[in-house]
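Secondary and tertiary structure notes
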Amino acid sequence: MFDYYDKVIAGIAGSILGGMLLGIVTALGMTTGLFVGTLVATLLVYDAMFRNPPLPATDPRVAASIVVWHAVLFAAAFAAYVG
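Our subject in this report is the structure included herewith. Quick caveat: nothing in here was measured; it's all calculated off a predicted structure.

**Some thoughts on the overall build of the protein chain**
Counting its secondary structure elements, the protein chain contains 3 helices and 0 strands. Start at the N end of the protein chain and walk to the C end: the helices and strands fall as α-α-α. With the C-alpha coordinates of the protein chain rotated into their principal frame, the extents come out at 40 × 35 × 15 Å. Looking at the protein chain as a whole, 24% of its 83 residues are labelled buried. Of all intrachain contacts in the protein chain linking residues separated by at least 6 positions in sequence, the fraction that spans at least 24 positions is 53%. Here the protein chain displays about 5,600 Å² of accessible surface, and carbon together with sulfur accounts for 76% of that area.

**Quick word on the environment of Leu39**
Here Leu39 shows up in helix 2 (residues 30-51). For Leu39, a relative accessible area of 38% corresponds to the partly exposed category. Residues Leu39 and Val68, 29 residues apart in the sequence, show an inter-C-alpha distance of 15 Å.

**Structural notes on helix 2**
Its 22 residues place the ends of helix 2 31 Å apart at the C-alpha level, agreeing with the 32 Å of an ideal helix rising 1.5 Å per residue. Turning to helix 2, its buried residues are Thr32, Gly33, Phe35, Gly37, Thr38, Ala41, Thr42, Val45, Asp47, Ala48 and Met49. Tucked into the core, helix 2 has its buried residues touching helix 1 (4-25) and helix 3 (60-81).

Calculation rules
Residues numbered from 1 in each chain as written. Predicted model: local features only at pLDDT ≥ 70, side-chain atom pairs only at ≥ 80, totals over all residues. Heavy atoms only, no water. Helix = DSSP H or I, 4+ residues; strand = E, 2+ residues; numbered from the N terminus. Buried < 20%, exposed > 50% of the residue type's maximum accessible area, 1.4 Å probe, protein only. Contact = heavy atoms within 4.5 Å. Areas by Shrake-Rupley, 256 points an atom, 1.4 Å probe, with all protein chains shown as cover. Expected span 1.5 Å × (residues − 1).

As far as function goes, none of this settles anything; it's purely spatial.
What follows is the structure in structure tokens.
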């Protein structure tokens, strides 16, 4: 019923929500909790895109999606700790 990639998407959403919950119930703060959740989501994206890719590794969409995801991750880290 659920495909591997459905579970990955659920895991990404769960890690972001878990990071948000971590920021709410601990003294870490919301931005730090979201950053931790984003790091976990990055591991799931890495697994889905490089270890078990849905497209051949030579497809340019694979590299483009990873570049965009990491740009968002670094922008979130920058905003959380600098801005």
